[in-house]
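# Structural features, examined
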Amino acid sequence: MRYARRLVAGTLAAGALALSLTGCGESVDPIERLGRKATQEPSQTPSASASATAPAPDSAGAQGGASDEAYKKWGLTAPVQYAPKPAQKPQIPKAAPGKVPVIDRIPLPAEEKIVFLTFDDGAEKDPEFLKMAADLKLPISMFLTDSVASSDYGHFEKLRDNGSASTVNNHTLTHPNLRTLSFEAQKKEICGQQDKLEKRFGQRPPLFRPPFGNYNDDTLRAASECGVSSVLLWRVSMQINNFQYAQGSALQPGDIILAHFRGPSELKGATEIQMTTRMLQRIQEQGYRIGRLEDYL
Ligand SMILES: [Zn+2]
């Protein structure tokens, strides 16, 4: 099953199509699904039962602010390795005038085995996850949709303010497929969430992610007019146990990893913590460190 899914992803590896397959909302009606989820309370406790086969990772990286023993508490066999802020930012391709650039991977040299964590939507608000993220000092770039996250923006504020330098970014007001909307309607979705997040979090987010990774030229113009500086996509999507790759079968330097604030009802009974533990194990198994996305933009 797992193999078959990867095979499918590999077969359909052509950019946007693969993105739409791996994006946030691979089932029927994302808004309904997310809305339902937003009203449910998570309850399961974390488990360290996931396979513990990770070898000791490359120890060259600088440590984040995590305490030395925190990793054991969250089901890991070795500390998570963090990449320091780069001395020089990578060259990101420039956008055409009046549009914002689209970034789906940070261009890094092959020896820089660094990946970046992004979490989308905001339906799940598991207090245990806040402890995990704070303990490990995971730098997370959040992309929040107002219709599901706003029932408790305080949850995401805590995540932002836990000492990891995590950030809050824009993922529209209602999670529509922007390609189906007019320029004006897209602008309403993007600017509307910029305004809400600025009012609630005190800063106008620099990053925007279109739901399902679906966008067109109007999206890039609208995002620019709303004060966004980059559209952030991804090449790797965390499922319940494993990554799904848009290209190839392993992480690549600079990969932006998409995960979701999801709980047991959407993870076949697994908790957000179990999903995150497995994601970190997969990163460690492949010898990667975690960087803070904004340090590279
Ligand atoms: Zn989404």
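We now turn to the structure provided with this report. Here the structure is a predicted model, which is why all the values come from computation and not from measurement.

### Digging into the overall build of the chain
When you go through the chain residue by residue, the secondary structure sums to 10 helices and 10 strands. Residues classed as buried in the chain amount to 45% of the 297 residues present. Put simply, 74% of the contacts in the chain that link residues at least 6 apart link residues at least 24 apart.

### Comments concerning unusual backbone geometry
Peptide bonds are trans in most cases, and residues, glycine excluded, mostly fall at negative phi. Phi is positive for His 175, close to 65°, though the residue is something other than glycine. With respect to the helices, strands and loops of the structure, His 175 is situated in the loop between β4 (167-170) and α8 (183-201). For Lys 268, which is not a glycine, the phi torsion comes out positive at approximately 50°.

### Details of the nonpolar core
Residues Val 115, Leu 117, Met 142, Ala 223, Val 231 and Ile 257 are the most contacted members of the largest nonpolar core, which totals 64 residues. Excluding residues within four positions of it along the chain, Ala 223 makes contact with Val 100, Ile 190, Phe 208, Val 228 and Val 231.

### Remarks on helix α10 (residues 272-285)
Given a rise of 1.5 Å per residue, 14 residues ought to cover 20 Å, and the 20 Å separating the end C-alpha atoms of α10 matches this to within 8%. Judged by how many residues are buried, α10 sits mostly within the fold: 13 of 14 residues are covered. Looking one or two residues beyond α10, the residue adopting positive phi is Gly 287, at roughly 75°.

### What to know about the environment of Lys 158
Within the secondary structure, Lys 158 is located in helix α7 (residues 153-160). Under the C-beta neighbour-count criterion, Lys 158 is labelled partly exposed, with 16 such atoms within 10 Å. The spatial distance from the C-alpha of Lys 158 to the C-alpha of Leu 130 is 7.3 Å, given a sequence separation of 28 residues.

### Describing the packing of α8 against helix α9 (residues 217-225)
Axis separation between α8 and α9 bottoms out at 9 Å; the angle between their running directions is 45°. As far as their axial angle goes, α9 and α8 are oblique. Note that α8 runs across α9; the crossing there is right-handed. Seen from α8, the contacting residues are Phe 183, Gln 186, Lys 187 and Ile 190; seen from α9, they are Asp 218, Thr 219, Arg 221, Ala 222, Ala 223 and Glu 225. When the residues that make up the contact of α8 with α9 are grouped by side-chain class, the tally is four nonpolar, two polar and four charged.

### Points about the environment of Ala 165
Residue position: Ala 165 is located in the loop between α7 and β4. By C-beta crowding, Ala 165 is classed as partly exposed, having 16 other C-beta atoms within 10 Å. Along the primary structure Ala 165 and Leu 138 are separated by 27 residues, whereas in three dimensions their C-alpha atoms are 8.5 Å apart. When neighbours within four sequence positions are excluded, Ala 165 is seen to be in contact with Pro 139 and Arg 292.

### Considerations on the packing of helix α5 (residues 127-136) against α10
Running from N to C, α5 and α10 point in directions that differ by 30°, and their axes come no closer than 9 Å. As judged from the angle between their axes, α5 and α10 are roughly parallel. Seen from α5, the contacting residues are Glu 128, Phe 129 and Met 132; seen from α10, they are Glu 272, Ile 273 and Thr 276. In terms of residue class, the contact of α5 with α10 is built from three nonpolar, one polar and two charged.

### Things to note about the pairing of strand β3 (residues 140-144)
Within β3, five of the five residues are buried, leaving the element largely enclosed by the surrounding structure. Here β3 shows a buried face lined by Ile 140, Met 142 and Leu 144 and a second buried face lined by Ser 141 and Phe 143. Looking at chain direction, strand β2 (residues 114-121) and β3 are connected through five bridges and run parallel. Its bridge partner being in β3, Asp 120 is matched across the sheet by Phe 143. Between β2 and its parallel partner β3, the chain crosses via α5, and the hand of that crossover is right-handed. In this structure, β3 lies alongside β4, joined through four bridges in parallel fashion. Bridge assignment links Leu 144 to a residue of β4, and that residue is Asn 170.

Calculation criteria
- Residues numbered from 1 in each chain as written.
- Predicted model: local features only at pLDDT ≥ 70, side-chain atom pairs only at ≥ 80, totals over all residues.
- Helix = DSSP H or I, 4+ residues; strand = E, 2+ residues; numbered from the N terminus.
- Buried ≥ 20, exposed ≤ 12 C-beta atoms within 10 Å, placed from the backbone.
- Contact = placed C-beta atoms within 7 Å.
- Core = buried A, V, L, I, M, F, W, Y, C linked by C-beta atoms within 7 Å.
- Expected span 1.5 Å × (residues − 1).
- Axes fitted to C-alpha atoms, helices over the stretch in contact; angles between N-to-C directions.
- Parallel < 35°, antiparallel > 145°, perpendicular 65-115°, else oblique.
- Left-handed = near helix turned anticlockwise from the far one by under 90°.
- Nonpolar A, V, L, I, M, F, W, Y, C, P; charged D, E, K, R; others polar.
- Pairing = 2+ DSSP bridges.
- Right-handed = clockwise from strand over helix to strand, strands pointing away.

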